[in-house]
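# Analysis of the macromolecular model
Listed below, chain by chain, are the residues.
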Amino acid sequence: MNLAAGTRLGPYEIHGLLGAGGMGEVYRARDTRLGREVAVKVLPRSMASDPERQQRFEAEARAAGALNHPNIITLHDVGVADGVPHLVTEVLEGESLRALIQRGPVPVSRAIGLIVQLANGLAAAHGKGIVHRDLKPENLFVLADGRLKILDFGIAKLTRSDSSEGAGVDAETTPVFASLTVAGTIMGTVSYMAPEQLRDRPVDQRADLFAVGAILHELLTGTQPFTGETAADRVSSILMADAPRLPAHVEREIPGIGAVVARLLAKRPEQRLGTAADLAFTLSLLHDRPVPPEAGGERAASGVPAPPPIEFRQLTFRDGSIGTARFAPDGQTVVYNAAWGGAPSEVYLTRVESPESSALGIQGAEVQSVSATAEVALTLRNRDIGGFVQLGTLSRVPLVGGRPREVVDSVYFADWSPDGRSLAAIRLVQGTFQIEAPLGRVVHTTHAWISHLRYSPDGAMLAFLEHPALGDNAGHVCVLRPGEPPRRLTGRYHMVWRLAWKPDGREVLFGGQGETGMPGIYAVSLDGAVRCAYGAPGWPAIEDVAKNGDALIGMVRPRMRLETGTRTGGLSSVKDLSWLDWTLLRDLSADGDTVAFDETGLGSGGNAGVFIRPTGGGPAVRLADGVCSRISPDGRYVLVVHQEDLTVLQLVPTGAGETRRLDLGDCSINHADWIPGSDSVLVVGSMPNQPRRLYRVEVVSGTIRPVNDDVSVLGTGASVSPDGNQVALRDPDGGVRIARLDDGSVRRVPGFGGTARVAGWTEDSRRIYVSFAGEIPCRVLRVEIETGATEPWMEIWPMVRSGVDGLNTVRMSADGERYACSYPMVDSTLFLARGLT
């Protein structure tokens, strides 16, 4: 198809041809509605009637439309005009990576920078379940400013496609050798294809990593790692031969780079790096690692300095947990809140040259931000609603002290604008998180949970953390320019927490842990390049950065403890069941004999695990990877969700037996429970762009249907009654409700709100146990669900008090005699760091 200048495709006016490829032609065009230049990709007429080509074109549109990352080309629109299918993207100014390579080997430092960007973009795609499968220099574009963009998801494999069996994967895959001998084309380009792809075996994200290895080798050497006169020769080389070693000067400049390339090009997928995020992290560490002068003469001669040493000064010395710390405008005064020795949290002032802190007389507050005019924004009466989320009333008070003036309720995080005239905030409104900038002006809403909102130094953008799953602090660093959709700057981190801008606004510092390895403080640029700024054998938390570059770092030692005891045994019956470092209770069996928990902290090594353990003591047994929800009524199975695919629910046996998988399509799972007396399970989950709701899933057929379309759910603690007819849950207002599974009706249990949590059901399904988060001791009530009549049942005291501000999970046995509970214990020390930025 040849579109002449002036041709219209819907609202797009064609200006001229930009290029052509096997999947279509690309034209420069003008969007007449918005007055902007765009690129329009269309199928040639000779291919438009080909169902397979049409399917692949639509797959490209679905894949590209699901992605939003600075290293992936931005999709504006998809449509069909005059029978011509087309997609519309941003216009790119620069050159393909192929053109760059044709000029000779690329300098090592630049090559690694480009591959780090490529890895970051792939991490975003892989996080959406999308494998590119056709990575090659022709599909990578380098902009004039050095940014790299990934193009052409035309043969992407949607690994989470909701297509019926046989239509999602097989229909998109053409056997390679059949293509070579019959069709004359192949899915992907031979020189960059992984062995499993060439053998027509199932592929995952590691196939893309093989292609990245081939591209990196070519960037560093100017030649492809697997060569041959014909495509068949190159296939044979990939399957049988080892890639040539990198030149010695490359290895001298970046010691270890050869091992990384060799691992990427391993013949077996399991021998490669596991994720693109791991690759970006590894390359960043190699590139930024100081090289001894005697071993790295060329590196030293290149003028790349080793990072300066970081100097630390300890600012706090007491035992307990620190909430948030911020610099005052002078950069020498620090405002923070802390709970020392088990006492309530209080707001303190200290100076960077002094070991002493003075209290401001404001208790129970969380510091949010300090303005340029020395006014403190803080939240009061914070209530824990679960899943790391604490909401409070946003207030403001002069730094010199006084009575706080309340502003607005249901605030999670807030930050002053750089000029100190207005506040931005993350709020939870009717179960939906929203960013307001300034207060009252909603600039972003999401059904994921978001945290740690910070203005850029120039006030033009906001950075925040996005966490796809409630109760899981894995996630991404995002930036938002009001009036535009947010952009993810990073791939998924196993844990990500707290952030601050560098004074020049070019990078965002954040605390994170990749899928493997120790946590650290990382810096990500606005084009998605990530580097490790500081690594430590613990949890370094970036609190704030002053205008002179000094940073506040909290060294945090977090632990989630698990304990059990009995109502009649009192404190003498309490037993510690903690296993590793983040033993989060998920369930207590109805008979009180077994606890189910998961480990997602450093002890898990980046691989979350599900465990069971007898309450009488004895070792824990690891059942599966992932996080768990509930033990089945007969104790034979545990419901498990794997963190890398929140749409798959697993029924894992506690003894001998096979695991059963239920694929829930587009439903992202937050929690699940068994429905006694049926072959169904209850799921708390969310469909795309919808709030969390209750769904009933048939185990045999996998059929999923909502219990009630109008009921949104807060938290993950929905609990099904022993008779299988009722669900106790928390709604977005924090109250306790009972939903019936037979007719979907819902009624509120009177008298509860805020921090109330459902801890279990009585055996007769007429009463529930209710506990209260954020209290020490933690009250447990037995509540009549019909009348709301309450009976004080017991009080639970944690074995440890310092660094503990309440229990987050309580589970009761059906007879109400045995309990299990978990609670976070945090010990923090605040430091001033110089040289970090």
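About the thresholds
Residues numbered from 1 in each chain as written. Predicted model: local features only at pLDDT ≥ 70, side-chain atom pairs only at ≥ 80, totals over all residues. Heavy atoms only, no water. Helix = DSSP H or I, 4+ residues; strand = E, 2+ residues; numbered from the N terminus. Areas by Shrake-Rupley, 256 points an atom, 1.4 Å probe, with all protein chains shown as cover. Pairing = 2+ DSSP bridges. Axes fitted to C-alpha atoms, helices over the stretch in contact; angles between N-to-C directions. Buried < 20%, exposed > 50% of the residue type's maximum accessible area, 1.4 Å probe, protein only. Polar contact = N/O pair within 3.5 Å; in protein donor to acceptor, adjacent residues only side chain to side chain. Contact = heavy atoms within 4.5 Å. Core = buried A, V, L, I, M, F, W, Y, C linked by side-chain atoms within 4.5 Å. Phe/Tyr/Trp six-rings, centres within 6.5 Å; stacked < 30°, edge-to-face > 60°. Lys NZ or Arg CZ within 6 Å of the ring centre and 35° of its normal. Parallel < 35°, antiparallel > 145°, perpendicular 65-115°, else oblique. Left-handed = near helix turned anticlockwise from the far one by under 90°. pLDDT = per-residue confidence, 0-100. Expected span 1.5 Å × (residues − 1).

## Some points on the overall build of the protein chain
Tallying secondary structure elements over the protein chain gives 12 helices and 56 strands in all. Accessible surface computed for the protein chain: about 32700 Å², of which carbon and sulfur atoms make up 49%.

## As for the sheet that holds strand S16 (residues 357-363)
If you walk across this open sheet you meet the 4 strands as S13-S14-S15-S16, and the pairing is antiparallel. The open sheet terminates on both sides in strands that have one partner only, identified here as strand S13 (320-327) and S16. Between one strand axis and the next, the sheet turns through 25° on average, direction left out of account.

## What to know about the pairing of strand S53 (residues 778-784)
With 6 of 7 residues buried, S53 is to be regarded as a mostly interior element. Relative to S53, strand S52 (residues 767-772) runs antiparallel, the two being bridged by 5 bridges. Bridge pairing in S53 links Tyr769 to Arg782. Hairpin geometry of S52 and S53 is characterised by an intervening segment of 5 residues between the two adjacent antiparallel strands and by a positive phi of about 80° at Gly774. The pairing of S53 with strand S54 (residues 790-796) spans 6 bridges and is antiparallel. If you follow Leu781 over to S54, its bridge partner there is Pro792. Here S53 folds back onto S54 in antiparallel fashion, the turn holding 5 residues, of which Gly788 has a positive phi close to 80°.

## Let's talk about the environment of Tyr769
Secondary-structure assignment places Tyr769 in strand S52. Classification of Tyr769 by relative accessible area gives buried; the value is 0%. Along the primary structure Tyr769 and Arg757 are separated by 12 residues, whereas in three dimensions their C-alpha atoms are 8.5 Å apart. For Tyr769, the side chain forms a polar contact with the main-chain nitrogen of Gly816, separated by 3.3 Å.

## Considering the environment of Thr227
Its place among the elements puts Thr227 in the loop between helix H7 (205-221) and helix H8 (231-240). The class of Thr227 is exposed, set by a relative accessible area of 52%. Linking Thr227 and Ile238, residues 11 residues apart in sequence, is a C-alpha distance of 8.5 Å. Apart from the residues lying within four places of it in its own chain, the contact partners of Thr227 are Asp233, Arg234 and Ser237.

## Brief notes about the nonpolar core
Generally speaking, nonpolar side chains in soluble globular proteins are found buried as a group. Counting residues in hydrophobic clusters, the biggest one holds 59 residues, and the most contacted among them are Leu97, Ile115, Leu118, Leu135, Ile150, Ile257 and Leu279. Top element by residues in this core is helix H4 (residues 108-127). It accounts for 12 residues. In this structure, Leu135 is in contact with Leu118, Leu122, Leu140, Ile150, Tyr192, Asp208, Ala211, Val212 and Ile215, ignoring residues within four places of it in sequence. Val389, Ala424, Ala437 and Ile450 belong to the second largest nonpolar core, which has 21 residues in total.

## Looking at the packing of aromatic side chains
Scanning the model with the defined rule gives 18 aromatic pairs in all. On the numbers, 5.5 Å between centres and 20° between planes, the contact of Tyr336 with Tyr348 is stacked. Here Tyr336, found in strand S14 (residues 333-340), pairs with Tyr348, found in strand S15 (residues 346-351); they are 12 residues apart in sequence, far enough to count as distant. What makes Tyr336 buried here is its relative accessible area of 1%. Classification of Tyr348 by relative accessible area gives buried; the value is 11%. Taken together, a centroid distance of 5.6 Å and an interplanar angle of 50° make the contact between Phe388 and Trp497 tilted. Here Phe388, found in the loop between strand S18 (375-386) and strand S19 (389-398), pairs with Trp497, found in strand S28 (residues 495-501); they are 109 residues apart in sequence, far enough to count as distant. According to the relative accessible area criterion, Trp497 is partly exposed, its value standing at 22%. What links up through ring pairs into an aromatic cluster is the set Phe388, Tyr412, Phe413, Phe433, Trp449 and Trp497. Positioned over the ring face of Trp793 is Arg567, at 3.5 Å from the centre of the ring. In this arrangement the basic side chain of Arg779 is found over the ring face of Phe772, its NZ or CZ atom lying 4.1 Å from the centre.

## Some thoughts on the packing of H4 against H7
Remark: H4 packs on H7, axes separated minimally by 10 Å, with the N-to-C direction vectors making an angle of 165°. Here H4 is positioned roughly antiparallel relative to H7, judged by the angle of their axes. Between H4 and H7 lies a crossing of right-handed hand. Of the residues in H7, those touching H4 at Val108, Ala111, Ile115, Leu118, Leu122 and His126 are Gln205, Asp208, Val212, Ile215, Leu216, Leu219 and Leu220.

## So, the confidence of the model for the protein chain
Predicted confidence across the protein chain gives a mean pLDDT of 85, with 88% of residues reaching 70 or more. Considering only residues more than four positions removed or in separate chains, one finds that residues 158-188, a stretch of pLDDT under 50, has 59 contacts. Segment residues 291-307 is flagged for pLDDT under 50; beyond a separation of four residues in sequence, or across chains, it makes 19 contacts in the model.

## Regarding the pairing of strand S44 (residues 680-686)
Buried residues dominate S44, accounting for 7 of its 7 residues. Residue alternation in S44 divides its side chains into two sets, Ser680, Leu682, Val684 and Ser686 and Val681, Val683 and Gly685, and both sets are buried. Note that strand S43 (residues 668-674) and S44 share 6 bridges and pair antiparallel. Across the sheet, the residue bridging to Ser668 is Ser686, located in S44. Note that S44 and strand S45 (residues 693-698) share 6 bridges and pair antiparallel. Counterpart to Val681 in the pairing with S45 is Val697.

## Some details on H7
Helix length check: H7 (17 residues) gives 25 Å between terminal C-alpha atoms against 24 Å at 1.5 Å per residue, within 8%. For H7, the tally of buried residues reaches 15 of 17 residues, placing the bulk of the element in the interior. Count one or two residues on from H7 and you reach Gly222, which has phi positive near 85°.

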